[in-house]
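# Inside the fold
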Amino acid sequence: NDLALCYLRQQQLANARKAFFNAAKIDPNLAAAFLNLGALDLLEQDPASAEISTRRAIELSAGDANLWDQLANALLSQGRAEEALAAYDRAVTLKAGHTVVWNHRGNALLELARYADALQSYDRAISLKPDYAEAWRHRGIAALQAGLIEDALASFDKAIALNPDDAVAREERGNLFMRLHRHAEAVADYDRV
């Protein structure tokens, strides 16, 4: 498993996969091997395989919030937002201070068009980690979808202040500037993107 992680860090994905399989073969009860195999599947954009591997890891170690987060990510990538939300809820039940899961949970709620709930989830992530630029960006998207224009703009501004190279936040803010007929500011964001 450790060898596979080394391969993974070196972007040697085929070698990493082989080593994870070997680890699981040697110890079929090694939850970490299945967790990491699922992460590799997600990295290679194979969420169905990631779901299978992660479910096996959960069978072995159901009390790990990271496993439920990864399962939810695999489900969300397959367009199964309701199931993903249930898995994210399980993850935050196990570890209420898991900032990334609160952000991911917001993404599932955003997918379900439950914008007020998504905003609450992003706000929880931000309360745990105020400099979490990605959560600020997602919060801006949710606020925009909810019709909260000034709130969306403030969230995008905060995301960009924290990460000036966030192309998605700049594009979203540029789109919002266009909507507000603030064309010069939109052009500046688009140029930066």
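Presented here is an overview of the structure given in this document. (Residues numbered from 1 in each chain as written. Predicted model: local features only at pLDDT ≥ 70, side-chain atom pairs only at ≥ 80, totals over all residues. Heavy atoms only, no water.)

As enumerated under the stated definition, the model contains 16 salt bridges in all. Of the charged contacts in the structure, one is a salt bridge between Glu51 and Arg55, with a shortest N-O distance of 2.9 Å. With Glu51 and Arg55 both in helix H4 (residues 47-60) and four residues apart, this pair spans about one turn of that helix. In this structure, Arg173 engages Asp157 in a salt bridge whose closest nitrogen and oxygen atoms are separated by 2.8 Å. Taken as a pair, Arg173 in helix H11 (residues 167-179) and Asp157 in helix H10 (residues 149-162) lie far apart in primary sequence, 16 residues in all. Among the residues examined, Asp157 registers a relative accessible area of 33% and is labelled partly exposed. Through salt bridges with shared partners, a single network forms among Glu51, Arg55, Arg80 and Glu83. (Salt bridge = Lys/Arg side-chain N within 4 Å of Asp/Glu carboxyl O. Helix = DSSP H or I, 4+ residues; strand = E, 2+ residues; numbered from the N terminus. Buried < 20%, exposed > 50% of the residue type's maximum accessible area, 1.4 Å probe, protein only.)

Let us now look at the nonpolar core. Across soluble globular proteins, nonpolar side chains show a tendency to be buried alongside one another. Of all hydrophobic cores here, the largest spans 49 residues; its most connected members are Tyr88 and Leu176. Apart from residues lying up to four places away in sequence, Tyr88 is in contact with Asp69, Ala72, Asn73, Leu76, Val101, His104, Arg105 and Ala108. Membership of the second largest hydrophobic core comes to nine residues, among which are Ala4, Leu8, Ala19 and Phe20. (Core = buried A, V, L, I, M, F, W, Y, C linked by side-chain atoms within 4.5 Å. Contact = heavy atoms within 4.5 Å.)

With respect to the secondary-structure elements, Asn107 resides in helix H7 (residues 99-111). By relative accessible area, Asn107 is classed as buried at 18%. Not counting chain neighbours up to four residues away, the residues in contact with Asn107 comprise Leu76, Tyr122 and His138.

With that settled, consider the side chain of Asp69. Among the structural elements, Asp69 can be located in helix H5 (residues 65-77). This buried residue, Asp69, is left without a salt bridge; Lys95 holds the nearest opposite charge, at 9.9 Å. For Asp69, the contacting residues outside a window of four places in its chain are Tyr88, Ala91, Val100, Val101 and His104. (Lys, Arg positive; Asp, Glu negative; His and termini not counted.)

Before going further, it helps to examine the packing of aromatic side chains. Under the definition given, this model contains zero aromatic pairs. One residue, Lys129, lies across the ring of Tyr132, its end atom 5.3 Å from the ring centre. (Phe/Tyr/Trp six-rings, centres within 6.5 Å; stacked < 30°, edge-to-face > 60°. Lys NZ or Arg CZ within 6 Å of the ring centre and 35° of its normal.)

Residue Gln45 is not a glycine yet carries a positive backbone phi of 60°. In this structure, Gln45 sits in the loop between helix H3 (31-43) and H4. Assessed through its relative accessible area of 71%, Gln45 is described here as exposed. With phi around 60°, His181 is a residue other than glycine that occupies positive phi space.

Before going further, it helps to examine the packing of helix H9 (residues 133-145) against H10. Running from amino to carboxyl end, H9 crosses H10 at an angle of 160°, the nearest separation of the two axes being 8 Å. Classified by the angle between their axes, H9 and H10 sit roughly antiparallel to one another. Here the hand of the crossing between H9 and H10 comes out left-handed. The residues of H10 that touch H9, namely those facing Ala133, Trp136, Arg137, Arg139, Gly140, Ile141, Ala143 and Leu144, are Ile149, Asp151, Ala152, Ser155, Phe156, Lys158, Ala159 and Leu162. (Axes fitted to C-alpha atoms, helices over the stretch in contact; angles between N-to-C directions. Parallel < 35°, antiparallel > 145°, perpendicular 65-115°, else oblique. Left-handed = near helix turned anticlockwise from the far one by under 90°.)

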